[in-house]
Amino acid sequence: MSELQTEIQKRRTFAIISHPDAGKTTLTEKLLLYGGAIHLAGSIKSRKTQRHAVSDWMEIEKQRGISVTSSVLQFDYAGCRVNILDTPGHQDFSEDTYRTLMAVDSAVMIIDVAKGVEAQTKKLFKVCKQRHIPIFTFVNKLDRYGKAPLELMEEIEDVLGIRSYPMNWPIGTDGHYKGIYHRETGKVELFSEDTSHGQEERESIIYDLNDPKAKETIGEDIYQALLDDIDLLDVAGEEWSMEKVNKGELTPMFFGSAMTNFGVRGFLEEYLRLAPPPQPRMSSDGLIQPDDEKFSGFVFKIQANMNPAHHDRLSFIRICSGKFERGMSVYHMQGGKSVKLAQPQQFLAQDRQIIDTAYPGDIVGLFDPGIFGIGDTLCMPSHKFKFADFPVFPPERFARVSAKDTMKRKQFVKGIMQLTQEGAVQLFQQAGAGMESYIVGTVGQLQFDVLEYRLKSEYNTEIVMNMQPFEVARWLRFKDNRPVTPEALRGADRGMFVYDMKERPVLLVSNEWALGWIQDNNPDLELFHVPPEK
Ligand code: G4P
């Protein structure tokens, strides 16, 4: 195996998805603890609680705080190099999360044992499923009362449409659990006293299932219930199939408790054993294999003003093939230019480090003077191609936004352009309107709050924002390709005719009914949820 292939085989790049409060922060922290990246669990957590919910603004800051300083966590464990990509938890930030999911090879889905499958988990799961990436389930908070495991399996199948294969099984009845049974080894692992309040790894007591001490410690009734469950799983449960796991059709399911360090190490080890190394990516030139010697990668996230005092901007690149070396020149497809990758940054918990080399599956942060956009491809000049496009989410809320103080217009434009490039909002210009205001489109209300807050705190600009009565945006094209203008479109005045930042025509209307009217009256008009291909 070449050096490149060896490095690729070592890598595991994934994201943890969950509904807020299911335990993502806690589990991430524990994985870092085992990886030796932090010595005492608690640093991420304390940051989070410090910043907790003083106000909605603090909530936003908290989100940024977490996703900024720990965007990518890297550590070594059992011969693997692990890259965990953090995803913001708040539902209004889901677009950002979706993009992060474009950069991983697998995902860990956390489910709260008492709450089961929740709304946000469902949304994020859908994206993973569309990408056909392997999904591993960690059922958390087993130290507490929760739903019966069979009920959870059924819920996962009914709500998410995926079958699960329990790798271990909780020991206990009526939602009170004492530990877990490992199906492959036939061992039972029981909770021991937690003496460090989750700060340190916990010892557990392990017995063979047949060991009389196991039965004695667990208790007759619960022991018998466990035997019945094991029988049931073996007879009626899903068969193990790595092929199905790899296609995202079967999810290996683990039970544990992140807070009390129970079942976490076993989970990490099994996960690293089973999860796929960096996978090939689709491009305009077919599949790009990670062991292709020519470097390639794509931008999946842009974060400006990580340090508000410096107005810096970092673009996060997922490496897809070849070896990355500091200072190398690569070709930026969308910009049509060569760029030198001068100051690559990597992240470990809260410290930034300059890195010299990186391999497929790794994420590097590049200081970016404003040339990169989300989804852009970097490749070698001798092999030019573009990676498949990122999904775009149609905006559903719109506001007219302008600078309160006209003297601050320049700052305002700079800020709003920056936030648009970052993918925080979508920007439109009303046909025939002056340059004083923009129409901003978002998926949720919080994005407007973030826009207002960040323009003020990072660009010192206050804005005036007027909500517009539209809920639907459609990109427009005539079948014969003649230009779509407000004059050429019948009923354009029933909504608002705007252009996106690439000057493509878009109509904003209040509802599907209005859209139907437009379609009926312009039979050769094509309407698109997202910008159409040329
Ligand atoms: P999130 O990132 O997914 O939003 O969840 P987070 O890890 O912050 O966990 C949410 C809450 O659930 C926290 O409690 C956390 O301590 C608790 N938790 C996480 N894992 C477990 C577990 O295995 N068992 C139990 N019983 N609780 C768990 P909190 O009260 O919000 O915060 P804190 O007071 O613990 O700081």
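Numbering of residues starts from 1 in every chain and runs along the sequence as written. Only residues with pLDDT of at least 70 are given local features in this predicted model, and only at 80 or more are side-chain atom pairs given and counted; all residues enter the totals for whole chains, interfaces and linings.

A. Here's a closer look at the overall build of the chain. Put simply, DSSP marks the helices as runs of H or I at least four residues long and the strands as runs of E at least two long, and each gets a number from the N terminus on. The helix and strand tally for the chain stands at 14 helices and 31 strands. Exposure classes come from backbone-placed C-beta atoms, where a residue is buried if 20 or more other C-beta atoms lie within 10 Å of its own, exposed if 12 or fewer do, and partly exposed in between. When burial is assessed residue by residue, the chain has 42% of its 534 residues classed as buried. What counts as a contact is two residues whose backbone-derived C-beta atoms lie within 7 Å of each other. Contacts in the chain between residues at least 24 apart in sequence constitute 70% of all its contacts with a sequence separation of at least 6.

B. Looking closely at the nonpolar core. Put simply, a nonpolar core is a cluster of buried Ala, Val, Leu, Ile, Met, Phe, Trp, Tyr and Cys residues tied together by C-beta atoms within 7 Å. If you look at the biggest cluster of nonpolar residues, it comprises 89 residues, and the most contacted ones within it are Ala107, Val108, Val139 and Ile317. Note: domain ranges come from an automatic or database domain assignment. Residue contributions to this core reach at least three from each of two domains, namely domain 1 (3-68 + 91-275) and domain 2 (282-379). Filtering out sequence-adjacent residues up to four positions away, Val108 remains in contact with Phe14, Ile16, Phe136, Phe138 and Tyr271. With 33 residues, the next largest nonpolar core counts Leu419, Tyr459, Ala473 and Leu476 among its residues.

C. Here's a closer look at helix α2 (residues 24-34). Among the 11 residues in α2, 11 count as buried, and that is most of the element. A positive phi of about 80° marks Gly36, the residue just after α2.

D. A look at the confidence of the model for the chain. Known as pLDDT, the predictor's per-residue confidence is scaled from 0 to 100. Mean pLDDT over the chain: 85, with 86% of residues reaching 70 or higher. Taken together, the stretch residues 64-70 has pLDDT below 50 and engages in 14 contacts with residues farther than four places along the chain or on a different chain. Among the prediction metrics, the complex's ipTM stands at 0.97, with pTM recorded as 0.82.

E. Representation of the site of the ligand in the model. We call a residue near a molecule or strand when the C-beta position, derived from backbone atoms, sits within 6 Å of it. Lys24, Thr25, Thr26, Ser257 and Met259 are the nearest of the 19 residues found near the ligand. If you list the elements that add at least two residues to the shell around the ligand, you get α2 and α3 (43-50). Top contributing element to the shell around the ligand by residue count: α2, with 3 residues.

F. Spotlight on unusual backbone geometry. Of note, Asp21 is a non-glycine position whose phi angle comes to about 85°, a positive value. With respect to the helices and strands, the residue Asp21 is situated in the loop between β1 (11-17) and α2. Residue Asp21 is classed as partly exposed on the basis of its 15 C-beta neighbours within 10 Å.

G. Region of interest: the sheet that holds strand β25 (residues 426-430). Any two strands with at least two DSSP bridges between them are considered paired. The 8 strands are arranged β27-β24-β26-β25-β29-β30-β28-β31 in an open sheet whose pairing can be described as antiparallel. Single-partner strands in this sheet number two, and they are β27 (463-468) and β31 (525-528). Direction aside, neighbouring strands of the sheet carry axes that sit 40° apart on average. Only the stretch in contact is used when fitting a helix axis, every axis being a line fitted to C-alpha atoms; angles between N-to-C directions are given from 0 to 180 degrees. Across the sheet, helix α12 (residues 409-421) touches β24 (397-403), β25, β26 (437-442) and β27, and the angle it forms with β25 is around 130°. Set on the sheet, helix α14 (residues 512-521) makes contact with β28 (472-478), β30 (505-509) and β31; between it and β30 the angle comes to about 130°.

H. Geometry of the pairing of strand β18 (residues 337-340). Examined bridge by bridge, strand β17 (residues 329-332) and β18 share 4 bridges and lie antiparallel to one another. Note that in β18 the partner of Tyr331 across the bridge is Ser338. Hairpin connection from β17 to β18: 4 residues lie between these consecutive antiparallel strands, with Gly336 at a positive phi of about 65°.

I. Local environment of the sheet that holds strand β7 (residues 168-173). Reading across from one edge, β7-β8-β9-β10 is the order of the 4 strands in this open sheet, with antiparallel pairing throughout. Each having just a single partner strand, β7 and β10 (205-208) make up the two edges of the open sheet. When the angles between neighbouring strand axes are averaged without regard to direction, this sheet yields 30°. Sheet topology note: the strand β9 (residues 187-190)/β10 ladder contains 4 bridges and is antiparallel. Pairing of Glu189 across the sheet is with Ile206, part of β10. On top of the sheet, helix α9 (residues 220-236) reaches β7 and β8 (176-182); it is set at about 145° to β7, its chief contact.

J. Layout of the packing of α12 against helix α13 (residues 445-459). One can describe the packing of α12 onto α13 by two numbers: an axis separation of 10 Å at closest approach and a directional angle of 125°. The angle between the axes of α12 and α13 places the two elements in the oblique class. Read as a crossing pair, α12 and α13 show a hand that is right-handed. Contact with α12, carried on its side by Gln411, Phe412, Lys414, Gly415, Ile416 and Leu419, involves Leu451, Arg454, Leu455, Glu458 and Tyr459 of α13 and no other residues of that element. Each residue receives one of three labels: charged for Asp, Glu, Lys and Arg, nonpolar for Ala, Val, Leu, Ile, Met, Phe, Trp, Tyr, Cys and Pro, and polar for the others, Gly being one of them. Taken together, the residues of the contact of α12 with α13 sort by class into 6 nonpolar, 2 polar and 3 charged. The cut-offs work like this: below 35 degrees is roughly parallel, past 145 is roughly antiparallel, 65 to 115 is roughly perpendicular, and the gaps in between are oblique. Handedness of a crossing follows from how the near helix is turned relative to the far one, being left-handed for an anticlockwise turn of less than a right angle and right-handed for a clockwise one.

K. How the structure looks around α13. Given a helix with a known number of residues, its expected span is that number minus one, times 1.5 Å. Counted at 1.5 Å a residue, the expected span for α13 with its 15 residues is 21 Å, and the 21 Å between its end C-alpha atoms agrees. Where α13 is concerned, the buried positions are Gln447, Phe448, Val450, Leu451, Arg454, Leu455 and Tyr459. Looking straight down α13, one finds its buried side chains confined to an arc of 160°; they lie on one side. At the exit of α13 stands Asn460, carrying a positive phi of roughly 55°. The arc in question is the one traced by the directions running from the helix axis out to the C-beta atoms.

L. Region of the structure containing the environment of Phe75. Following the sequence through the fold, Phe75 ends up in strand β2 (residues 72-77). Assessed through the 19 C-beta atoms surrounding it within 10 Å, Phe75 is described here as partly exposed. The spatial distance from the C-alpha of Phe75 to the C-alpha of Tyr181 is 28 Å, given a sequence separation of 106 residues.

M. Local environment of the environment of Ile135. Relative to the helices and strands, Ile135 resides in strand β5 (residues 135-140). Under the C-beta neighbour-count criterion, Ile135 is labelled buried, with 25 such atoms within 10 Å. Each C-alpha atom, one on Ile135 and one on Ser402, is 43 Å from the other, the two residues being 267 residues apart in sequence. Apart from the residues lying within four places of it in its own chain, the contact partners of Ile135 are Ala107, Met109, Phe125, Cys128, Gly248 and Thr251.

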